[in-house]
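An overview of the molecular structure
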Amino acid sequence: IAGITQAPTSQILAAGRRMTLRCTQDMRHNAMYWYRQDLGLGLRLIHYSNTAGTTGKGEVPDGYSVSRANTDDFPLTLASAVPSQTSVYFCASSPGDRDSDTQYFGPGTRLTVL
Amino acid sequence: SQQGEEDPQALSIQEGENATMNCSYKTSINNLQWYRQNSGRGLVHLILIRSNEREKHSGRLRVTLDTSKKSSSLLITASRAADTASYFCATFDTGGFKTIFGAGTRLFVKA
């Protein structure tokens, strides 16, 4: 693979269910990010990781958790999904250069919570 | 809260015309970036301009930055139907390690 991949592409989920969105990059980037995109609101940062073993909260972290056990993977977990978490979720990575932080995005996961 | 705010929210032009999108931000920045998103796809980085630069070019793209006004503009010259997409500005602030995206400008180029 080349770049950053996400799985699944789309998912319909019943409220209250647990769900993990997967994200993998093969660029050996230090930093990784999870965003949600809702119409008219642009991208909002959920969680981020500056390097393997560390994570941080973004703008809208409630209801979500992440882990960064290694450099390549950055899964996002919804412990108990609610309808307001219906959104398109994008994973991104960047080299972690404090001077630029250009981000590379995955194709997204479209999640519907009923 | 959003750091960057794009203007206009939507823009419709004819093929061959120039498209100008503006971005305003609130705090001190290290650099400002523009990204493009085709419908249903992830964002793709277009161009980065550093805080000590005033203008930058890349192909048909021209970006300006005015740090005194905390604003940037993206000009796409001789637009094509394939330029139809949403365009986002993103700022990398000097105080942290986060890039913050605006809500985007939706550009529609009519063939």
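To be clear, the structure that these remarks concern was listed above.
First things first, this report covers the structure right here in the doc. (Residues numbered from 1 in each chain as written. Chains lettered and ligands numbered in written order. Predicted model: local features only at pLDDT ≥ 70, side-chain atom pairs only at ≥ 80, totals over all residues. Heavy atoms only, no water.)

Of regular secondary structure, chain A possesses zero helices and eleven strands. When its helices and strands are written in sequence order, chain A yields β-β-β-β-β-β-β-β-β-β-β. Relative to a compact globule of 114 residues, whose C-alpha radius of gyration would be 13 Å, chain A shows 13 Å and is just as compact. The buried share of chain A, taken over its 114 residues, is 49%. Across chain A, every contact between residues at least 6 apart in sequence was considered, and the portion connecting residues at least 24 apart equals 54%. Here chain A displays about 5200 Å² of accessible surface, and carbon together with sulfur accounts for 51% of that area. Positive and negative side-chain charges of chain A, numbering 10 and 9 respectively, have mean locations separated by a distance of 10 Å. (Helix = DSSP H or I, 4+ residues; strand = E, 2+ residues; numbered from the N terminus. Rg over C-alpha atoms; globule rule 2.2 N^0.38 Å. Buried < 20%, exposed > 50% of the residue type's maximum accessible area, 1.4 Å probe, protein only. Contact = heavy atoms within 4.5 Å. Areas by Shrake-Rupley, 256 points an atom, 1.4 Å probe, with all protein chains shown as cover. Lys, Arg positive; Asp, Glu negative; His and termini not counted. Charge placed at Lys NZ, Arg CZ, Asp CG, Glu CD.)

This part covers the sheet that holds strand β7 (residues 64-66) of chain A. Residues and elements named next belong to chain A. Reading across from one edge, β1-β3-β8-β7 is the order of the four strands in this open sheet, with antiparallel pairing throughout. Where the open sheet ends on each side, the last strands, each with one partner, are β1 (4-7) and β7. Between one strand axis and the next, the sheet turns by 20° as a mean value, whatever way the strands run. (Pairing = 2+ DSSP bridges. Axes fitted to C-alpha atoms, helices over the stretch in contact; angles between N-to-C directions.)

Quick look at the interface of chain B and chain A now. At the interface, 23 residues of chain B touch 25 residues of chain A. With both chains or domains summed, chain B and chain A bury close to 1900 Å², and 50% of this area falls on carbon and sulfur atoms. Across the chain B-chain A interface, the total number found is zero salt bridges. Among the secondary structure elements, those contributing two or more residues to the side of chain B that touches chain A are β4 (29-37), β5 (43-50), β9 (85-93) and β10 (99-101) of chain B. Of the residues contributing to the side of chain B that touches chain A, the split by class is eight nonpolar, twelve polar and three charged. (Buried area = accessible area lost by both parts, 1.4 Å probe. Salt bridge = Lys/Arg side-chain N within 4 Å of Asp/Glu carboxyl O. Nonpolar A, V, L, I, M, F, W, Y, C, P; charged D, E, K, R; others polar.)

By the definition in use, this model includes seven aromatic pairs over all chains. Taking 5.4 Å as the distance between ring centres and 90° as the angle between the ring planes, the aromatic pair formed by A:Tyr35 and B:Phe101 counts as edge-to-face. Of this pair, A:Tyr35 sits in strand β4 (residues 31-38) while B:Phe101 sits in strand β10, on two different chains. Assigned by exposure class, A:Tyr35 and B:Phe101 land together as buried. Chaining the aromatic ring pairs together yields one cluster made of A:Tyr33, A:Tyr35, A:Phe105, B:Tyr35 and B:Phe101. (Phe/Tyr/Trp six-rings, centres within 6.5 Å; stacked < 30°, edge-to-face > 60°.)

Residue and element names in this part refer to chain A. Inspection of the entire model under this criterion finds two disulfides over all chains. Covalent S-S linkage joins cysteine 23 and cysteine 91, the inter-sulfur distance amounting to 1.9 Å. For the disulfide bridge between cysteine 23 and cysteine 91, the dihedral angle about the S-S bond is near -75°, and by the sign convention the bridge is left-handed. With cysteine 23 in strand β3 (residues 19-25) and cysteine 91 in strand β9 (residues 87-94), the pair connects residues that are 68 residues apart, well separated along the chain. Like cysteine 91, cysteine 23 is buried. (Disulfide = S-S within 2.5 Å.)

Ranked by internal contacts, the top residues of the largest apolar core, which has 20 residues, are B:Met21, B:Leu32, B:Trp34, B:Leu74, B:Ile76, B:Tyr87 and B:Leu107. Elements with a contribution of two residues or more to this core: β3 (19-24), β4, β5, β7 (61-66), β8 (71-76), β9 and β11 (105-110) of chain B. Setting aside its immediate chain neighbours within four residues, B:Tyr87 contacts B:Glu6, B:Met21, B:Tyr35, B:Arg36, B:Leu46, B:Leu74, B:Ile76, B:Gly104, B:Thr105 and B:Leu107. Core analysis: the next-biggest nonpolar cluster, separate from the first, contains 18 residues, A:Ile4, A:Leu21, A:Trp34 and A:Ile46 among them. (Core = buried A, V, L, I, M, F, W, Y, C linked by side-chain atoms within 4.5 Å.)

Before going further, it helps to examine the layout of surface pockets. Estimates place the volume of the largest pocket at around 870 Å³. Residue lining of the largest pocket: 35 residues in total, with A:Gln37, A:Leu39, B:Gln37, B:Ser86 and B:Arg106 positioned closest to the centre. Sorting the residues of the lining of the largest pocket by element identifies β4, β9 and β11 (109-113) of chain A together with β1 (5-7), β2 (10-14), β9 and β11 of chain B as the ones contributing at least two each. Looking at the lining of the largest pocket, its residues break down into twelve nonpolar, 17 polar and six charged. (1 Å grid on protein atoms, 1.4 Å probe; cavity = no way out; pocket = protein on both sides within 12 Å on 5 of 7 lines; lining within 4 Å. Points joined across faces, edges and corners; volume = space filled by probe spheres on them.)

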